[in-house]
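Chain residues, written in single-letter form:
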Amino acid sequence: MDILLILAGFIFVCLGVIGSFLPILPGPITSWIGLLLLHLTKVIPQNWTFLGITLFIALFIFIMDYFIPAMGAKKFGGTKYGAYGTTIGLIIGLFSPIPFGILIGAFFGAFVGELLYDGKDTDRALKASTGAFLGFLASATIKFSVAIVYFFLFLSTVWEYKNVLF
């Protein structure tokens, strides 16, 4: 049963890293579930303080993920239309076959959203879409960093207890 929990935990931690860039998966929370599964094994001692702190960080990043792109768009003069356009562009970019589709989709989605709000002011739309794009990059970088830390915490814990596990 421990091996099954470790494999499931490893899958969740890996999905958390991937979820750092995908708007569908909450990256740090998914990675945290992997850490939780690891600590539910009989071999590895349950450290509830560690799990509580990492959960708090994952939830904080999850909540901030909704504000950071919007703050970037607002800082550059964006509207709700740009924020909605960013989300729609991310989803379209996710399924597009072009390289960096998520990034391009976020930028163009915000641009189209801002043009729908005010089609006459393309300079403002370009500036706001740049802000939304930079906000998305900042948010993705933070989520990726936390997910990578959780990934390495998972691996180091498994490595520490490898003699007992395997």
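Remember, it's a predicted structure, so these values are computed and weren't measured experimentally.

Just checking my understanding: could you explain the overall build of the protein for this structure?
Helix and strand counts for the protein come out as seven helices and zero strands. Secondary structure elements of the protein, listed N to C terminal, follow the sequence α-α-α-α-α-α-α. Along the longest, intermediate and shortest principal axes, the C-alpha atoms of the protein span 65 × 35 × 15 Å. Per-residue burial over the protein gives 40% buried out of 166 residues. The long-range fraction of contacts in the protein, counting pairs at least 24 apart against all pairs at least 6 apart in sequence, stands at 66%. By element, 77% of the accessible surface of the protein is carried by carbon and sulfur atoms, the whole surface being about 9,400 Å². Taken together, the 9 basic and 7 acidic charged side chains of the protein have centroids lying 3 Å from each other.

In this structure, what is going on with the pattern of salt bridges? I would like to understand it.
For side chains of opposite charge, pairing can occur when their charged atoms come near one another. By the definition in use, this model includes three salt bridges. We note a salt bridge from D65 to K143, for which the minimum N-O separation is 3.3 Å. Residue D65 is located in helix α3 (residues 48-75), and its partner K143 is located in helix α6 (residues 122-160); the two are separated by 78 residues in the primary sequence. When its relative accessible area of 8% is taken as the criterion, K143 is described as buried. Note that D121 and R124 form a salt bridge whose closest N and O atoms lie 3.9 Å from each other. A relative accessible area of 29% places D121 in the partly exposed class. Connected through salt bridges with shared partners, the residues E114, D121 and R124 form a single ionic network.

Conventions we followed
Residues numbered from 1 in each chain as written. Predicted model: local features only at pLDDT ≥ 70, side-chain atom pairs only at ≥ 80, totals over all residues. Heavy atoms only, no water. Helix = DSSP H or I, 4+ residues; strand = E, 2+ residues; numbered from the N terminus. Buried < 20%, exposed > 50% of the residue type's maximum accessible area, 1.4 Å probe, protein only. Contact = heavy atoms within 4.5 Å. Areas by Shrake-Rupley, 256 points an atom, 1.4 Å probe, with all protein chains shown as cover. Lys, Arg positive; Asp, Glu negative; His and termini not counted. Charge placed at Lys NZ, Arg CZ, Asp CG, Glu CD. Salt bridge = Lys/Arg side-chain N within 4 Å of Asp/Glu carboxyl O.

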